[in-house]
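# A structural walkthrough
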Amino acid sequence: MTPETYTATATTLKWLLGTAWLLPLLGFVIEIFGGHWGGRKSKTAAWIAVAFIATSFVLSVSAMAVWRNATSEIRQQQAASIAAHDEAHGHGAGSHGAAALAHDPHAAGEATHTHTHTGHVHTDRPDFDPLRTTFTGEFYQLARFGSLVVSMDYYIDGLTILMFLMVTLIATCIHVFATGYMSDELTESYEDHQVHLSGGRHFHRPGRFYRFFAFLSLFCFAMLGLVLAGNLFQVFVFWELVGVCSFFLIGFYVERKSASNAANKAFIMNRVGDFGFLIGLMVVVTYFGTFRFANTSQEEVGTPGLFQMVRDTHGHMVTEGEGREKVVLIQSGGNTPWRDQDGKQKVIPYWLLIVAGLGVFAGCVGKSAQFPLQTWLPDAMEGPTPVSALVHSATMVAAGVYLVGRFYPMFTPEVLLTIAYIGCITAFVGATIAIVVTDIKRVLAYSTISQLGYMMLALGVGGWMAGLFHLVTHAFFKSLMFLCSGSVIHGCHHEQDMTKMGGLRKKMPITAYTMLIGVFAISGYGIPGLPINFSGFYSKDAIIASALTYVSLNPQHFLLFYVPVVTAGITAFYMFRMWFMTFAGTPRDHHVDEHAHESPLAMVAPLCILAFCAWFCAFRGEDGGLAHQILSSEPTHVREGIEHSGNLGLSLPSHHQIHEKHATAGWVALFAAGLGSLISYLFYCRRILDAGVIGRQFWMIRDFLIEKWRFDELYDVMFTRPVHVVGRWCQGFDQRVLDGLIHLFGRLTLQTAHIDRAFDERVVDRLVNVCGEVTFAAGRSLKGIQTGRLRQYVMFIALGVVSLFVLVFTFLPRS
Amino acid sequence: MDPVGLNHYLFVGAILFVCGIVCMATKRNAIGVLMGVELVLNGANVNFVALARFTPLGLDGQVASMFVIVLAAAEAAVALAIALNFYNNHLSIDVDRADDLRG
């Protein structure tokens, strides 16, 4: 597009999305300072929050329209180029709907040759570059340290706008839901039954309705800022801010010990991951000199961004050397390597690029509750259910996956393999624990961990689109299910234990059937070929297809396929288990069942909206709008895959290869899901098999799972206890050594004082006394002269006079 | 023998003086001590008169001895007063008893 159109569109998008981003902040400021003006019983704060976030949603929709309009020509060009490329290589019809998009096939894009030192690639590529549909720029420059500029930037591409839409839509629904759910707090004296006071008294406090919405608004601001961020440092700033908001929201019921502990745990485990993030940041800024993702502005010739520096325009990482000395040549946007003033080639050692990738991924491990930092997420269910729905299923935990997707061009194949394995382990661990949990929110929490593992796995095996596709669909159906569980909890008067529920679909039909839509979506049910399958079907399908292709290219990593398939079955099993235990069968606890009622409209309407989205958001699956929106931002090197790259010789699959395996993968996934739900049906609906018997038979496994794989105990032994031991050593050192030293000095001073006193008493005082005594003795002895006898005095006088006369006359000269 | 000259008178004056001193020093009776004092003063008077006759001192010597006589009388009066007071307190005029100011 022309520079003028670029600038105009960039400015429009900047204002639209910038306002959409900042409105929740304004809401936060208003609510936190003035929220209690309306009194504790008014819902004004909630309506302000809802109004702002709904306006953000409207602004996001218009931003989407603007973006699509501005980039339609480029996207058509790219689609046509892809279609022509596919046909030229005989890739067959039905290749990912490229034909459907290209209304007017132009001549094929130029074939470009690039022989690099990495891997073997196709000799000609379609003309696809996500940076051509990206708008980047600067909001405000914060500081300048030499050549490092720290600023608030924006990076707006299809993925950004999609995330904005998703976050604002889900946030709006959840805000509306929360006005109903949190209505308990609209009172002057809220009685919190889970706070234990001494003496068994009840705990009362004023209601905190407005603060909830203030924190929700702040969270939305932070999340949208993270998504909009154009440089890595800004991502980190908002990363921390979402962590802080999560802390506030989890610890909303501050007086409950469990809640404040959970908030601490969440924040601290996030910080552990952020340590790795900081290392990654430091490596990046040292070698690349900037944090910016990319610079697509056509008017100014600025420094290229990270994505343009690490790979050339065809998406290849240009390396030199082997083994330890392998370095990556830094590009300068375009295909020219970057040379500084002395003509030296700027490079980054390959292993440091791996370190940077792993570092940033470590932050994602913390944020997205991957193994080994996953234990905070189930405890985070201590927060109110709308928080769990918004923060811990759809948005904050998705931030990690989003960052992996965004930072994708910087990841080397070794890092991707690590990501895949961690995702794989996480998926499996989360799913197995969810089988035995009885708290309805915990089931969903472990399910979230498991699905996030799926997303990481997908991103790691080269299925970039699949991972982010699942992110979006998961956000919808998971938040739907959390809201349904919130409705159930609200209706059953804060009963969260599924063993006390049962048969609730008669009393809460809308909740039950929207939850069923969510369960179908997460299990990945659908009939292949239909455009109206549940969204989870398409996304899970894409993931398993990518995994299958990757394993077929790298057979030694076969686990990366088998584990997701087994986990898919387990997912279906425990999801249906949850649904059957809650909504089917006969009520297990009559007290709960009597008082159960359907929730009010404010809570049920968002459920319906989200259920609609959970079903239809992936309309037409991988040929549909959602998939193409994501694909428009796909990094250049993903489409064609790589063969035998990196130090481990890993091959990443291309779209074409994935497409070949797609059908097989689809049937395998469906089979697994079907098997899982069938077993669940037999256990929990028909009661033909008894879960209790199996549980007792395999009690060791069951206990292991109920103890959450004993991760908490492991971390207790690995970290908490050594810290206590070190603490005790320090205490001992402090008491015995340092205090001993000080006591020693004290005793020394005391001894010195004793010596001084002795000296003073015995020597100095004696001296003084001796002087006095000598004088006294002299005086006493002289006293004897005064006898008082008059005659003696007279005699002395006479004698004295005589001797005086004699002396005078002897010694004085006679005159 | 020489005619009676100055030295003879001075010698007499010295003897009176010494007798007066010895009397002052040895008498236990206060009146006795006073008598000694008189003797001393008279000895000095003889000195004065002798020197008045035989040296150019002239009448100054006589005048001085008049002073001495008056002083002697005044002092005897005072001394007797002291002795009377002493007798009032101690019922004796033994000077050896007046040793209260002993050190």
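These figures come from a predicted structure and were not determined experimentally.

Basis of the calculations
- Residues numbered from 1 in each chain as written.
- Chains lettered and ligands numbered in written order.
- Predicted model: local features only at pLDDT ≥ 70, side-chain atom pairs only at ≥ 80, totals over all residues.
- Helix = DSSP H or I, 4+ residues; strand = E, 2+ residues; numbered from the N terminus.
- Rg over C-alpha atoms; globule rule 2.2 N^0.38 Å.
- Buried ≥ 20, exposed ≤ 12 C-beta atoms within 10 Å, placed from the backbone.
- Contact = placed C-beta atoms within 7 Å.
- Core = buried A, V, L, I, M, F, W, Y, C linked by C-beta atoms within 7 Å.
- Domains from an automatic or database assignment.
- Nonpolar A, V, L, I, M, F, W, Y, C, P; charged D, E, K, R; others polar.
- Pairing = 2+ DSSP bridges.
- Axes fitted to C-alpha atoms, helices over the stretch in contact; angles between N-to-C directions.
- pLDDT = per-residue confidence, 0-100.
- Expected span 1.5 Å × (residues − 1).
- Parallel < 35°, antiparallel > 145°, perpendicular 65-115°, else oblique.
- Left-handed = near helix turned anticlockwise from the far one by under 90°.

## Quick word on the overall build of chain A
For chain A, the helix and strand inventory stands at 26 helices and 9 strands. Taken against the 2.2 N^0.38 rule, which gives 28 Å for 815 residues, the C-alpha radius of gyration of chain A at 39 Å runs more than 25% over that of a compact globule. By its C-alpha atoms, chain A is 160 × 80 × 55 Å across when sized along the principal axes. Residues classed as buried in chain A amount to 50% of the 815 residues present. By sequence separation, contacts in chain A at least 24 residues apart represent 76% of the contacts at least 6 residues apart.

## A look at the overall build of chain B
From N to C terminus, chain B includes 3 helices and 0 strands. Starting at the N terminus and walking to the C terminus, you meet the elements of chain B as α-α-α. With respect to the three principal axes, the spread of C-alpha positions in chain B is 50 × 30 × 25 Å. Counting across all 103 residues of chain B, residues that qualify as buried make up 19%. Put simply, of all contacts in chain B between residues at least 6 apart along the chain, 47% involve residues at least 24 apart.

## A closer look at the nonpolar core
Judged by nonpolar contacts, the single largest core of 237 residues is most densely connected at Ile170(A), Phe219(A), Met223(A), Leu457(A) and Ala614(A). Sort the elements by how many residues they give to this core and helix H5 (residues 209-228) of chain A lands first, with 17 residues. When residues of this core are sorted by domain, at least three fall in each of domain 1 (15-61 + 127-411) and domain 2 (438-706) of chain A. Setting aside its immediate chain neighbours within four residues, Ala614(A) contacts Phe476(A), Phe477(A), Leu480(A), Ile517(A), Gly518(A), Ala521(A) and Ser535(A). Within the second largest apolar cluster, 12 residues are counted, among which are Leu34(B), Val40(B), Leu41(B) and Val95(B).

## Section: the interface of chain A and chain B
Where the parts come together, the accessible area they lose is often given as the size of the interface. Contact with chain A, which involves 11 residues of that partner, is made by 12 residues of chain B. Within the side of chain A that touches chain B, the residues separate by chemical class into 4 nonpolar, 4 polar and 3 charged.

## Some remarks on the sheet that holds strand S5 (residues 319-320) of chain A
All names here are of chain A. Pairing within the open sheet is antiparallel, and its 3 strands lie in the order S5-S6-S7. Two strands close off the open sheet at either side, each with one partner strand: S5 and strand S7 (347-349). Of the strand pairs in this sheet, strand S6 (residues 327-329) and S7 are connected by 3 bridges, and their pairing is antiparallel. Across the sheet, the residue bridging to Val327 is Pro349, located in S7. Across the sheet, helix H9 (residues 350-367) is in contact with S5, S6 and S7; its angle to S7 comes to roughly 75°.

## Observations regarding the confidence of the model for chain B
Residues and elements named next belong to chain B. Summary statistics for chain B give a mean pLDDT of 92 and a share of 100% for residues scoring 70 or more. Mean pLDDT across the elements of chain B bottoms out in helix H1 (residues 6-26) (93) and peaks in helix H3 (residues 59-90) (95). For this predicted complex, the interface confidence comes out at an ipTM of 0.87, alongside a pTM of 0.77.

## Focus: the domain arrangement of chain A
Residue and element names in this part refer to chain A. One can read the domain layout of chain A as domain 1 (15-61 + 127-411) and domain 2 (438-706). Counting residues at the interface gives 44 residues for domain 1, matched by 43 residues for domain 2. A per-element tally of the side of domain 1 that touches domain 2 places helix H11 (residues 385-406) first, with 14 residues.

## Describing unusual backbone geometry
Residue and element names in this part refer to chain A. Pro372 follows Phe371 through a cis peptide bond whose omega is 0°. Along the polypeptide, Pro372 turns up in the loop between H9 and helix H10 (376-379). The phi dihedral of Ala369 is positive, around 50°, even though this residue is not glycine. Judged by C-beta crowding, with 30 C-beta atoms within 10 Å, Ala369 ranks as buried. Phi angles above zero are rare outside glycine, and His493 is one such case at about 55°. By the element assignment, His493 lies in the loop between helix H14 (464-491) and helix H15 (509-523). With 11 C-beta atoms counted inside 10 Å, the residue His493 sits in the exposed group.

## Side note on the confidence of the model for chain A
For chain A, mean pLDDT is 85; residues scoring 70 or higher make up 94% of the total. In the predicted structure, residues 92-122 of chain A sits below a pLDDT of 50 and forms 62 contacts with residues beyond four places in sequence or in another chain.

## Here's the deal with the environment of Ser487(A)
All names here are of chain A. Its place among the elements puts Ser487 in helix H14. Along the sequence, Ser487 and Met603 sit 116 residues apart, while their C-alpha atoms lie 7.0 Å from each other. Excluding anything up to four places from it in sequence, Ser487 contacts Met508, Thr511, Ser599, Met603 and Leu607.

## Section: the pairing of strand S1 (residues 135-145) of chain A
Residues and elements named next belong to chain A. As defined by bridge partners, S1 adjoins strand S2 (residues 148-156) across 9 bridges and the pair is classed as antiparallel. Each bridged residue has a counterpart across the sheet, and for Phe135 the counterpart in S2 is Ile156. Two successive antiparallel strands, S1 and S2, enclose a turn made up of 2 residues, where Gly146 displays a positive phi of approximately 65°.

## Examining H5(A)
In a regular helix each residue adds 1.5 Å, so 20 residues correspond to 28 Å; H5(A) covers 29 Å between its end C-alpha atoms and thus fits that length. Across the 20 residues of H5(A), 19 count as buried, placing the element largely inside the fold.

## Considerations on the packing of helix H2 (residues 44-88) of chain A against helix H4 (residues 158-181) of chain A
Residue and element names in this part refer to chain A. Interhelical geometry of H2 versus H4 gives an angle of 155° and a closest axis separation of 9 Å. Here H2 is positioned roughly antiparallel relative to H4, judged by the angle of their axes. By crossing handedness, the relation of H2 to H4 is classed as left-handed. Between H2 and H4, the residues in contact are Ala46, Ala49, Val50, Ile53, Ala54, Ser56, Phe57, Ser60, Val61, Ala63, Met64 and Trp67 and Gly158, Ile161, Phe164, Leu165, Thr168, Leu169, Ala171, Thr172, His175, Val176 and Thr179, respectively.

## Looking at the environment of Ala98(B)
Tracing the chain through its elements places Ala98(B) in the segment after H3. In this structure, the C-alpha to C-alpha distance between Ala98(B) and Leu71(B), residues 27 residues apart in sequence, is 25 Å. If we skip the residues at most four places from it in the chain, Ala98(B) touches Gly788(A), Leu790(A) and Phe86(B).

## Thoughts on the packing of H15(A) against helix H17 (residues 559-583) of chain A
Residues and elements named next belong to chain A. The contact between H15 and H17 brings their axes to 9 Å, and the two run at 170°. One way to sum up the angle between H15 and H17 is to call them roughly antiparallel. Between H15 and H17, the contacting residues are Ala512, Met515, Leu516, Val519, Ile522 and Ser523 on the first element and Thr571, Ala572, Met575, Phe576, Trp579 and Phe583 on the second. Each residue belonging to the contact of H15 with H17 can be placed in one class, and the counts come to 10 nonpolar, 2 polar and no charged.

## Brief notes about helix H13 (residues 440-460) of chain A
Residue and element names in this part refer to chain A. For H13, with 21 residues, the first-to-last C-alpha span of 30 Å sits near the 30 Å given by 1.5 Å per residue. Taken across its 21 residues, H13 has 21 buried, putting it largely inside the fold. Of the residues one or two after H13, Gly462 is the one with positive phi, at around 95°.

## Description of the environment of Asp192(A)
Residues and elements named next belong to chain A. Mapped onto the fold, Asp192 is located in strand S3 (residues 190-192). Among the residues examined, Asp192 registers 17 C-beta atoms within 10 Å and is labelled partly exposed. Residues Asp192 and Arg256, 64 residues apart in the sequence, show an inter-C-alpha distance of 8.4 Å. Excluding residues within four positions of it along the chain, Asp192 makes contact with Phe203, Arg205, Tyr253, Glu255 and Arg256.

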